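Examining the three-dimensional arrangement
Listed below, chain by chain, are the residues.
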Protein chains: 2
Amino acid sequence: MIVGVLGAGQLARMIALAGYPLGVDFIFLDPSADACANSLGEHLQGDYNDPRLLAQLAERADVVTYEFENVPADVAEFLASHTQVHPAPKALAVAQDRLIEKAFFRDISIPTAAYAPIDSFESLEKAMSTIGWPAILKSCTMGYDGKGQSLLKSVDDLEPAWEQLAGAAGVVEAFVTFNREVSIIAARNVSGAVVFYPLSENIHRGGILRVASSCNQDPMQQQAEAYISCLMEALDYVGVLALELFEVDGKLIANEFAPRVHNSGHWTIEGAETSQFENHLRAILDLPLGTTTAVGKTAMVNFIGGLPATEELLVIANVHLHLYDKAPRKGRKVAHATVRAETTEQLDLLVKQLTTLADQVDDS
Amino acid sequence: MIVGVLGAGQLARMIALAGYPLGVDFIFLDPSADACANSLGEHLQGDYNDPRLLAQLAERADVVTYEFENVPADVAEFLASHTQVHPAPKALAVAQDRLIEKAFFRDISIPTAAYAPIDSFESLEKAMSTIGWPAILKSCTMGYDGKGQSLLKSVDDLEPAWEQLAGAAGVVEAFVTFNREVSIIAARNVSGAVVFYPLSENIHRGGILRVASSCNQDPMQQQAEAYISCLMEALDYVGVLALELFEVDGKLIANEFAPRVHNSGHWTIEGAETSQFENHLRAILDLPLGTTTAVGKTAMVNFIGGLPATEELLVIANVHLHLYDKAPRKGRKVAHATVRAETTEQLDLLVKQLTTLADQVDDS
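Every value quoted in this text rests on a predicted model; they were computed, and no experiment measured them.

**Section: the interface of chain B and chain A**
With 29 residues of chain B at the contact, the number on the chain A side is 29 residues. Summing both partners gives a buried area of about 2700 Å² for chain B against chain A, and 53% of it is carried by carbon and sulfur. Summed over the three residues of chain B that lose the most area to chain A, namely Tyr20, Glu273 and Leu314 of chain B, the buried surface amounts to 22% of that side. Across the chain B-chain A interface, the total number found is two salt bridges. When the shortest N-O distance is used, the salt bridge between glutamate 273 of chain A and arginine 340 of chain B registers 3.3 Å. At the boundary of chain B with chain A, the tally comes to 13 residue pairs in polar contact (both at pLDDT 80 or more). At the level of secondary structure, the elements contributing two or more residues to the side of chain B that touches chain A comprise helix H1 (10-19), helix H11 (310-314) and strand E17 (319-323) of chain B. In terms of residue count, the dominant contributor to the side of chain B that touches chain A is E17 of chain B (five residues).

**As for the sheet that holds strand E5 (residues 84-85) of chain A**
All names here are of chain A. Here five strands make up an open sheet; going across it, the order is E3-E2-E1-E4-E5 and the pairing parallel. The open sheet terminates on both sides in strands that have one partner only, identified here as strand E3 (42-45) and E5. Taken together, the two bridges between strand E4 (residues 63-66) and E5 define a ladder with parallel strand orientation. Opposite valine 64, over in E5, you have valine 85 as the bridge partner.

**With respect to the pairing of strand E13 (residues 208-214) of chain A**
Residues and elements named next belong to chain A. Burial analysis of E13 places seven of its seven residues in the buried class, which makes it a mostly covered element. Taken together, the six bridges between strand E12 (residues 200-205) and E13 define a ladder with antiparallel strand orientation. Bridge pairing in E13 links arginine 205 to isoleucine 208. Of the pairings in the sheet, the one linking E13 to strand E16 (residues 297-304) comprises three bridges and is antiparallel in character. Its bridge partner being in E16, valine 211 is matched across the sheet by valine 301.

**Observations concerning the relation of the copies chain B and chain A**
Of the transformation placing chain B onto chain A, the axial shift is 0.0 Å and the rotation is 180°, giving an RMSD of 0.0 Å. The transformation relating the two chain copies, once decomposed into turn and shift, fits a two-fold axis. With an isologous cut-off of 70% or more, the 100% of interface residues of chain B that recur at the interface of chain A puts this contact in the isologous class.

**Focus on the sheet that holds strand E7 (residues 135-139) of chain B**
Residue and element names in this part refer to chain B. What the four strands build is an open sheet, ordered E6-E9-E7-E8; its pairing is antiparallel. Every interior strand has two partners, whereas the edge strands, strand E6 (115-118) and strand E8 (149-152), have only one. Neighbouring strand axes in the sheet, compared pairwise and without regard to direction, differ in orientation by 20° on average. Of the strand pairs in this sheet, E7 and strand E9 (residues 170-174) are connected by five bridges, and their pairing is antiparallel. Bridge assignment links leucine 137 to a residue of E9, and that residue is valine 172. Against the sheet, helix H5 (residues 98-107) touches E6, E7, E8 and E9, its axis set at about 150° to E6. Docked against the sheet, helix H6 (residues 121-131) engages E6, E7, E8 and E9, running at close to 175° with respect to E6.

**As for the packing of aromatic side chains**
Considering all chains together, one arrives at ten aromatic pairs over all chains under this definition. Ring centres of tyrosine 48 of chain A and phenylalanine 68 of chain A lie 5.0 Å apart, and the angle between their planes is 55°; this geometry places the pair in the tilted category. Separated by 20 residues along the polypeptide, tyrosine 48 of chain A in the loop between E3 and helix H2 (51-60) and phenylalanine 68 of chain A in the loop between E4 and helix H3 (73-82) bring together distant segments of the chain. Residue classification places phenylalanine 68 of chain A among the buried positions, given a relative accessible area of 17%. Relative to phenylalanine 26 of chain B, the ring of tyrosine 20 of chain B lies with its centre 5.9 Å away and its plane at 50°, an arrangement referred to as tilted. For tyrosine 20 of chain B, a relative accessible area of 1% gives the class buried. Pairwise contacts between aromatic rings join Tyr20, Phe26 and Phe28 of chain A into one cluster.

**A closer look at the environment of glutamate 244 of chain A**
Residue and element names in this part refer to chain A. Summarising the element assignment, glutamate 244 is placed in strand E14 (residues 239-248). We classify glutamate 244 as buried; its relative accessible area is 10%. As a C-alpha pair, glutamate 244 and isoleucine 228 span 16 residues in sequence and 9.8 Å in three-dimensional space. Excluding residues that lie within four positions of it along the chain, glutamate 244 makes contacts with Val182, Ser183, His204, Ile253, Ala254, Asn255, Glu256 and His262. Side-chain polar atoms of glutamate 244 contact the side chain of histidine 262, separated by 3.5 Å.

**Regarding the side chain of lysine 102 of chain A**
Residues and elements named next belong to chain A. Looking at the element boundaries, lysine 102 is found in helix H5 (residues 98-107). Exposure remark for lysine 102: the relative accessible area of 2% places this residue in the buried category. With near-sequence residues (within four places) excluded, lysine 102 lies in contact with Thr112, Tyr115, Glu173 and Asn255.

**Details of the nonpolar core**
With 126 residues, the main nonpolar core has Phe26 of chain A together with Phe26 of chain B as its most contacted residues. Once residues within four sequence positions are removed from consideration, phenylalanine 26 of chain B is found in contact with Val3, Val5, Ile15, Ala16, Gly19, Tyr20, Leu40, Gly41, Glu42 and Leu281 of chain B.

Thresholds applied
- Residues numbered from 1 in each chain as written.
- Chains lettered and ligands numbered in written order.
- Predicted model: local features only at pLDDT ≥ 70, side-chain atom pairs only at ≥ 80, totals over all residues.
- Heavy atoms only, no water.
- Contact = heavy atoms within 4.5 Å.
- Buried area = accessible area lost by both parts, 1.4 Å probe.
- Salt bridge = Lys/Arg side-chain N within 4 Å of Asp/Glu carboxyl O.
- Polar contact = N/O pair within 3.5 Å; in protein donor to acceptor, adjacent residues only side chain to side chain.
- Helix = DSSP H or I, 4+ residues; strand = E, 2+ residues; numbered from the N terminus.
- Pairing = 2+ DSSP bridges.
- Buried < 20%, exposed > 50% of the residue type's maximum accessible area, 1.4 Å probe, protein only.
- Least-squares fit on C-alpha atoms with pLDDT ≥ 70 in both.
- Axes fitted to C-alpha atoms, helices over the stretch in contact; angles between N-to-C directions.
- Phe/Tyr/Trp six-rings, centres within 6.5 Å; stacked < 30°, edge-to-face > 60°.
- Core = buried A, V, L, I, M, F, W, Y, C linked by side-chain atoms within 4.5 Å.

Laid out in structure tokens, this is it:
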């Protein structure tokens, strides 16, 4: 069985590591000669829209998936018309555009922050009178890790924010004063079976995820499962899906979804009976889905821009290190570490040790 | 960091899967074009004693290790004189020869069954008068999975057993009527730090391991740790070491050791905080060793000679499948599955489901 993956970054790398024990082989399409999953399968090096490479991928892979949502729509459509592609192009199309995504949430009754489309400075000024301050202006497409976003605290922020948008389509959203950020990850296989992971509680800084922790019997679990179920149904989704949510006064508001394995689910490698990576493969290969039960209490810490010495990390009890084989660069995720513990107190101590080390090398 | 591995079978495959997250790359030396770890690193295809390939391996790998003990002594010596090799050639030399191994156990006061060297039919007849019936005649070298062994129940068995030995050096051992078979796995890094795994209780049939289960606070743990400590000290051992033992009336008797990761430790991938494969790499790279604590109750079932349908296996709760990408062949290990459970009763039920499936395809 050969799975083709668009992209050969760390998500593809972790999918491959989960796939070998299931007897899966991999072909990656990625423009970078030193993409970090390259050594774990065959590498087709070239642009994502190279018709020759796409044809090769479609012909040789039994099923194609991807590690990011910004695949050009025509690429996803081309692949889907030649081979099995999971998730289907529709999920990508919705996730690629914040405005379409927000409208999609609304259509299926998943609450979001107030928002308005922006296509001119005037529309931005006008929207602010209904959205209220503070708010965030975001480009509709290509934003991740907080890129392409401007915080609007007063009228003075409007012009610089509008200029930063540089003519791109935008969306302005009410700033949500949340109690916490959580995400839910679920997997749905071709036959329609669904499993949900325990909620992940996430801490971002500078728009980048820093720490994600598994939640044990969280009071918001049921509501999150209901929302992501609606989303998967509406998208006729196959694979792992991640839904990021804000908790505001005991209610959940959708922020965005990712039609792929997700950074806030990396803790499932050690912290759940079956990892999100394995369940993504089981889902797209229409195999029975694996148990998602939490195994102890788990948290994950990202290393951004730099990496502590391996020895310093591995000396910490119960640490599991995941290096991505990526050269350090400002703001770049180069590794994560997971810790598992019996009690919340132990876990907090271990996370503190890890974040202290992460902060020392973090240049973002 | 590049680790060279002699052999590219399933043990090398699982070492590689554990190594990528630690940022390790791999070069394998293996004669087989379709050895099952090939796709997880660079493959030098050729004989284990090919001087050109050995020189390449020694030059390019930061450290060399192996997945089996039957490496020719001059190969191990050649590598050790050109690069770091762990474990050192001495451990291989002892493990390769049952007679040397038995004498080594005796020298460091680890009890074994009564035994005697056999180099002629007369020596066999003579030995039986002191060893007593039943006994087992084994070739000194190249035996694994019960190969090259004859059970001696009466004088009638002597001649056929002697003929089967075909002139090779032999050893006759008293047949041990054991209460159970266990093994202990330990890791020792270059700096001398040591960790021990919980005992594994093992069930063999036809000389091949079928089921291995993790033992929780086993009364024999301390004694086993004392024995394997002695062994590691005496061998100045670096890496993962496995010691197979018989329990006889509350005492442990050494059967044999394996200077490598071991089939009876495959359950550690899911059933221990750190797997034997990761700890082998940490040990030979002189990194801090990972926690070996058991995570729940775990058992592993081998698939010999054939493989049930993936769907049939994955539908069982908490099953973790490890396919080796090997063509099925009589008596050949092609995969294993691990199950983890909260209680012994649950675990026994899951193991029963797996062994039933394994037995249906087992032609050995």
